[in-house]
Amino acid sequence: MVRYRSAEKKLAREQRKLSRCEKGSRNYQKQRKRVALCDERIKNQRKDFHHKLSHDLAEKYDAVCVEDLNLKGIAGGLHFGKRIQDNGYGQFLSMLGYKLEERGKYLIKVDRYFASSKICSVCGNRKKELALSERTYICECGNRMDRDVNAAVNILKEGKKIYKKCA
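In this text the structure is predicted, and so the values were computed from the model without any measurement.

**Quick look at the environment of Leu107**
Next up, step 1: By the secondary structure assignment, Leu107 is in strand E2 (residues 106-110).
Next up, step 2: When the C-alpha atoms of Leu107 and Gly159 are compared, they prove to be 9.3 Å apart, with 52 residues separating the residues in sequence.
Next up, step 3: Once you skip the residues sitting within four places of it in the chain, Leu107 turns out to touch Val64, Val66, Leu93, Leu96, Gly97 and Leu100.

This is the structure:
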């Protein structure tokens, strides 16, 4: 099976071949079909991964807490462009949502403006400034952990609060 990134490289190669073909020629039409097939394969690989992961999460957990992200803002402002757009977060969330709903479980979305990265998950102290380059969260209380793990713990805590209010 061709992996996702190598399939993308193949797509780029096929697109370059297409750009060299004379428009309207028989070879151009053939190459257009090859590009379309490569593109469809990549789309199906992403979709398959999302289905498998969302199914696994829906089977394991009664509630899933996620952060409601502004992906267009992240992609444009932070120069993560292709990597952010490739992951298909919106499609994944919709799949996860309906699979959880079918099983009578919950998808809890934490507000995008909740400062999950800036709050200490142990003491609750909030930092005023936290640069994206700081990958380790260090608090005055002695808590020292990976920034993303700290944010995940905070999102889980906030998700539990939201769940208690709604239930």
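**A look at a positive patch on the surface**
Next up, step 1: On the surface, a cluster of positive charge is made up of Lys10, Arg13, Arg16, Arg20 and Arg41.
Next up, step 2: Top contributing element to the positive patch by residue count: helix H1 (residues 4-20), with 4 residues.
Next up, step 3: Within the secondary structure layout, Arg20 lies in helix H1.
Next up, step 4: For Arg20, a relative accessible area of 64% translates into the label exposed.

**Looking at the packing of H1 against helix H2 (residues 26-60)**
Next up, step 1: Running from amino to carboxyl end, H1 crosses H2 at an angle of 160°, the nearest separation of the two axes being 9 Å. Comparing their axes, H2 and H1 come out roughly antiparallel. Crossing geometry of H1 relative to H2 is assigned as left-handed. Residues Tyr4, Ala7, Glu8, Lys10, Leu11, Glu14, Gln15, Lys17 and Leu18 of H1 touch H2, and the partners they reach there are Tyr28, Gln31, Arg32, Arg34, Val35, Cys38, Asp39, Ile42, Gln45 and Arg46.

**Section: the packing of aromatic side chains**
Next up, step 1: By the definition in use, this model includes 1 aromatic pair.
Next up, step 2: Measuring from centroid to centroid gives 5.3 Å for Tyr106 and Tyr163, while their planes differ by 65°, and the two rings are edge-to-face. Here the residue Tyr106 occupies a position in strand E2, and Tyr163 occupies one in helix H6 (residues 147-166), the gap between them amounting to 57 residues.
Next up, step 3: Given a relative accessible area of 44%, Tyr106 falls into the partly exposed group.
Next up, step 4: For Tyr163, a relative accessible area of 35% corresponds to the partly exposed category.

**Details of the confidence of the model for the protein chain**
The predicted structure's coordinates, where accompanied by low pLDDT, should not be read in detail.
Next up, step 1: In this model, the protein chain carries a mean pLDDT of 86, and residues with pLDDT of at least 70 account for 88%.
Next up, step 2: Averaged pLDDT values for the elements of the protein chain fall to 61 in helix H4 (residues 81-86) and rise to 94 in H2.

**Some thoughts on the nonpolar core**
Next up, step 1: Within the largest apolar cluster, 8 residues are counted, these being Ala58, Val64, Val66, Tyr89, Phe92, Leu93, Leu96 and Leu100.
Next up, step 2: Residue assignment for this core shows that the elements contributing at least two residues are strand E1 (63-67) and helix H5 (89-102).
Next up, step 3: Other than its neighbours up to four places away in sequence, Val66 contacts Tyr89, Leu93, Leu107, Ile108, Lys109, Val110 and Ile155.
Next up, step 4: By size, the runner-up hydrophobic cluster in this structure holds 7 residues, among which are Leu11, Leu18, Val35 and Ile42.

**Digging into the pattern of salt bridges**
Next up, step 1: For the structure shown, the criterion picks out 7 salt bridges.
Next up, step 2: Across the pair Glu14 and Lys17 runs a salt bridge, and its minimum N-O distance is 3.8 Å. Taken together, the residues span about one helical turn, with Glu14 and Lys17 both in helix H1 at a distance of 3 residues.

Thresholds, definitions, all that
- Residues numbered from 1 in each chain as written.
- Predicted model: local features only at pLDDT ≥ 70, side-chain atom pairs only at ≥ 80, totals over all residues.
- Heavy atoms only, no water.
- Helix = DSSP H or I, 4+ residues; strand = E, 2+ residues; numbered from the N terminus.
- Contact = heavy atoms within 4.5 Å.
- Patch = residues over 30% accessible without salt bridge, like charges linked within 9 Å, V, L, I, M, F, W, Y side chains within 5 Å.
- Areas by Shrake-Rupley, 256 points an atom, 1.4 Å probe, with all protein chains shown as cover.
- Salt bridge = Lys/Arg side-chain N within 4 Å of Asp/Glu carboxyl O.
- Lys, Arg positive; Asp, Glu negative; His and termini not counted.
- Charge placed at Lys NZ, Arg CZ, Asp CG, Glu CD.
- Buried < 20%, exposed > 50% of the residue type's maximum accessible area, 1.4 Å probe, protein only.
- Axes fitted to C-alpha atoms, helices over the stretch in contact; angles between N-to-C directions.
- Parallel < 35°, antiparallel > 145°, perpendicular 65-115°, else oblique.
- Left-handed = near helix turned anticlockwise from the far one by under 90°.
- Phe/Tyr/Trp six-rings, centres within 6.5 Å; stacked < 30°, edge-to-face > 60°.
- pLDDT = per-residue confidence, 0-100.
- Core = buried A, V, L, I, M, F, W, Y, C linked by side-chain atoms within 4.5 Å.

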